[in-house]
Each structure stands twice: as structure tokens, then as C-alpha cells.
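Structural characterization, general
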Amino acid sequence: MLKKRLEIFFIFMIISALTILAYNFYKSYTFKHNPLSQKQRGAIQLKEQDVLKHMQKNFGFAYQFPLIVTDKIPGRLYGLTSYKDGEIKIYLNKKVMQESFPYMLESVIAHEYAHALLFKLGHSTNEKAGHSKEWQKTCQLLGGKDCRQYVNQHEIIMSKMPFK
Ligand SMILES: [Zn+2]
């Protein structure tokens, strides 16, 4: 009798585990193959407006850069800023957005905007200058919550994106 009950218990456990697995797979599949939700797009736009407001206040102008959400960024980078022939673009990594959305909003957008702005102002012309003291100050003036000078998870590239 006890053995039977244990058997049923284990079968139930296995079915539950499979259900959760299938659900998670479905969730990440639909996320990967669908555009961002209206709510997420709205949140990104609001944050961008906030960064532009800071720019207006602290730099005297508000320059909006193309902000592109893409799943073509390789690896685990949160975002990157590309600069080529005066053309500056910001990319956010859709692949890490699902698990890191608040961080994207609070930190990554201002972080990348600071790179883009320094490019625009001609203050940052090589990759090594990426996370300089000046960049950190700029990031803070744009309202970034996390303007540490780490380099691991962010990139700037001095070329067009290596992907479409
Ligand atoms: Zn960076």
C-alpha cells in the first residue's frame, strides 16, 4: 500500500517537473520569437525620455540616439554602442532582457547613452577610453544608477555592427 502511494507520489512529481519545464521553455520561446511587449517598450521609452531630460539639464541639449533592441548581439552583453563614420547607435540585448529588465532600465540605457554622447562630443575616440572617468561622470549626469567602470559586460565597437 505504502509502495503504491510512493509510486503515485513520484509520478506526480515527474509530471509537475515536466509541466514546469515545458512552461519555461514555452515562455522563453515566445519571448525570443515575439517583439517586446507594449509595456516593456513603453518602459524603455520612458527611461530614454528621463535620460534626455538629464542631458538637457546638465549639457544644455537633448540629443536622441537610435536605440535598437536586438537578439543579434553575441554572448551575454547587456548592450553596446557602435560608432562608425559619425554614425552612433545604441543596441540593447534582447536575449538578456527577460531576466535583467530592471537592470536594463536603471543602468544600461544611461550607460550606453554616456558612450554615445561622448562619441558625439568627440571626447571618446578609441575603445580604451570607453570607461574613463569622464564616461563615469557623464553616465551619472545622465541619471545612470550603476556607473561603475567595469568593462566585462559592456562593449563599444568602432565599426558597424558585425551582424545585420
Ligand atoms: Zn560601456
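This structure is a prediction, so every number in the text was calculated from the model and none was measured. (Residues numbered from 1 in each chain as written. Predicted model: local features only at pLDDT ≥ 70, side-chain atom pairs only at ≥ 80, totals over all residues. Heavy atoms only, no water.)

1. Things to note about the confidence of the model for the chain
Considering every residue of the chain, the mean pLDDT works out to 84; 81% of them sit at 70 or more. No element of the chain has a lower mean pLDDT than strand 4 (residues 154-157), at 62, and none a higher one than helix 2 (residues 38-59), at 96. (pLDDT = per-residue confidence, 0-100. Helix = DSSP H or I, 4+ residues; strand = E, 2+ residues; numbered from the N terminus.)

2. Some remarks on unusual backbone geometry
Phi is positive for Asp85, close to 50 degrees, though the residue is something other than glycine. With respect to the element layout, Asp85 can be found in the loop between strand 2 (79-84) and strand 3 (87-93). Assessed through its relative accessible area of 68%, Asp85 is described here as exposed. (Buried < 20%, exposed > 50% of the residue type's maximum accessible area, 1.4 Å probe, protein only.)

3. Observations concerning the coordination of the zinc ion
Binding of the zinc ion to the protein goes through His111 (NE2), His115 (NE2) and His131 (NE2), at separations of 2.0 to 2.1 Å. Take His111: its relative accessible area is 0%, and that puts it in the buried class. (Donors = N, O, S within 2.8 Å, 3.2 Å for Na, K, Ca; no water.)

4. Some details on helix 3 (residues 97-120)
In this model, helix 3 (24 residues) spans only 26 Å end to end at C-alpha, well below the 34 Å of a helix rising 1.5 Å per residue. Extensive coverage of helix 3 is indicated by the burial of 18 of its 24 residues. (Expected span 1.5 Å × (residues − 1).)

5. Brief notes about the nonpolar core
One finds Ile44, Met97, Met104, Ile109, Tyr113 and Leu142 to be the most contacted residues of the largest nonpolar core, which totals 28 residues. At the level of secondary structure, the elements contributing two or more residues to this core comprise helix 2, strand 3, helix 3 and helix 4 (133-141). By residue number, the principal contributor to this core is helix 3, which donates 13 residues. Discounting chain neighbours no more than four positions away, the residues touching Met104 are Tyr78, Leu92, Asn93, Val96, Met97 and Ile109. (Core = buried A, V, L, I, M, F, W, Y, C linked by side-chain atoms within 4.5 Å. Contact = heavy atoms within 4.5 Å.)

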